[in-house]
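Spelled out from the first residue to the last, the chains are:
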Amino acid sequence: MTLPGAARRPVDSAVAAAATAPDAAGASVDQLTETYRAHYRSLLRLAALLLDDLSSCEDVVQEAFIRVHAARRRVREPEKTLAYLRQTVVNLSRSTLRRRILGLRLLPKPMPDMASAEEGAYDALERDRLRAALRGLQRRQREVLVLRYYADLTEAQAAEVLGISVGSVKAYGSRGLTALRVVMDTSDD
């Protein structure tokens, strides 16, 4: 059943008002949509530094938006929506890695590859040294360095996203940078 044009306008304006109004002191759908447009790529890059394949990163970021959308009524300060999204991306990345590790433990051990020495040398040269060095760090060190230097968060913001103290962020960051320097210096030789 279609409504006449005059009757449709009040309904349309009510729908539009509901989309822009905060849901009981929470973030509005329009705020989430704007956050999606403005920050999707940066959240995808954040996930890419924590995970290793693009499809998993896209899944993690999409799931983060879905979860924050579902919980938008609990977001007391809508300006912190991006912080909630970052924290959700980090937490979902951790969960993804945990599931992979569990899956790898349950798989039978593969037979060793019989690649030639040349193939191994070429493969090693093609790898991105910094990304490999980051993956070699402890989880917390990697997360702190990614949030501090890639996502350009302050120590306080990184501490809030990770749920740790600012002092812990400083300590993990310092140890992570030292470990990265050691790895990068030894790979130059």
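Reference entry: report on the structure contained in this document. Note that this is a predicted model, so its numbers are computed, not measured.

**Description of the environment of V90**
Step number 1: Looking at where V90 falls in the secondary structure, it is placed in helix α4 (residues 81-106).
Step number 2: In contact with V90, not counting residues within four places along its chain, are L46, L50, E143, L147, V161 and L162.

**Remarks on the layout of surface pockets**
Step number 1: Taken as a whole, the largest pocket spans an internal volume of roughly 230 Å³.
Step number 2: At the level of elements, α2 (29-50), α4 and α7 (139-150) are the ones that each hand at least two residues to the lining of the largest pocket.
Step number 3: Of the residues forming the lining of the largest pocket, the biggest block, six residues, is contributed by α4.
Step number 4: Residue classes in the lining of the largest pocket are distributed as six nonpolar, no polar and seven charged.
Step number 5: When its volume is computed, the second largest pocket comes out at roughly 160 Å³.
Step number 6: If you trace the second largest pocket, you find eleven residues lining it, with L49, L130, L134, V146 and Y150 closest to the centre.
Step number 7: Broken down by secondary-structure element, the contributors of at least two residues to the lining of the second largest pocket are α6 (129-135), α7 and α9 (166-188).

**Description of the packing of helix α3 (residues 54-70) against α4**
Step number 1: Where α3 contacts α4, the two axes come as close as 9 Å, and the packing angle between them is 130°. As summarised for this structure, α3 and α4 are arranged oblique, according to the angle between their axes. Crossing of α3 over α4 shows right-handed handedness. Taking contact as the criterion, the partners of S56, V60, V61, E63, A64, F65, R67 and V68 in α3 are, on α4, T81, Y84, L85, T88, V89, L92, S93, T96 and R100.
Step number 2: Class assignment for the residues of the contact of α3 with α4 results in nine nonpolar, five polar and three charged.

**Brief notes about the packing of aromatic side chains**
Step number 1: Tallied over the entire structure, the rule returns two aromatic pairs.
Step number 2: When the centroid spacing of 5.0 Å and the interplanar angle of 75° are considered together, the rings of Y36 and F65 count as edge-to-face. Of this pair, Y36 sits in helix α2 while F65 sits in helix α3; the two residues are 29 residues apart in sequence, bridging distant segments of the chain.
Step number 3: Owing to a relative accessible area of 32%, Y36 belongs among the partly exposed residues under this scheme.
Step number 4: Aromatic ring contacts, followed pair by pair, group Y36, Y40 and F65 into a single cluster.
Step number 5: The ring of Y149 carries R148 above its face, with NZ or CZ at 5.5 Å from the centroid.
Step number 6: Here the basic side chain of R175 rests over the ring of Y172, its NZ or CZ set 5.7 Å away from the ring centre.

Rules of the game
Residues numbered from 1 in each chain as written. Predicted model: local features only at pLDDT ≥ 70, side-chain atom pairs only at ≥ 80, totals over all residues. Heavy atoms only, no water. Helix = DSSP H or I, 4+ residues; strand = E, 2+ residues; numbered from the N terminus. Contact = heavy atoms within 4.5 Å. 1 Å grid on protein atoms, 1.4 Å probe; cavity = no way out; pocket = protein on both sides within 12 Å on 5 of 7 lines; lining within 4 Å. Points joined across faces, edges and corners; volume = space filled by probe spheres on them. Nonpolar A, V, L, I, M, F, W, Y, C, P; charged D, E, K, R; others polar. Axes fitted to C-alpha atoms, helices over the stretch in contact; angles between N-to-C directions. Parallel < 35°, antiparallel > 145°, perpendicular 65-115°, else oblique. Left-handed = near helix turned anticlockwise from the far one by under 90°. Phe/Tyr/Trp six-rings, centres within 6.5 Å; stacked < 30°, edge-to-face > 60°. Buried < 20%, exposed > 50% of the residue type's maximum accessible area, 1.4 Å probe, protein only. Lys NZ or Arg CZ within 6 Å of the ring centre and 35° of its normal.

None of the figures reported here should be taken as evidence of function without further support.
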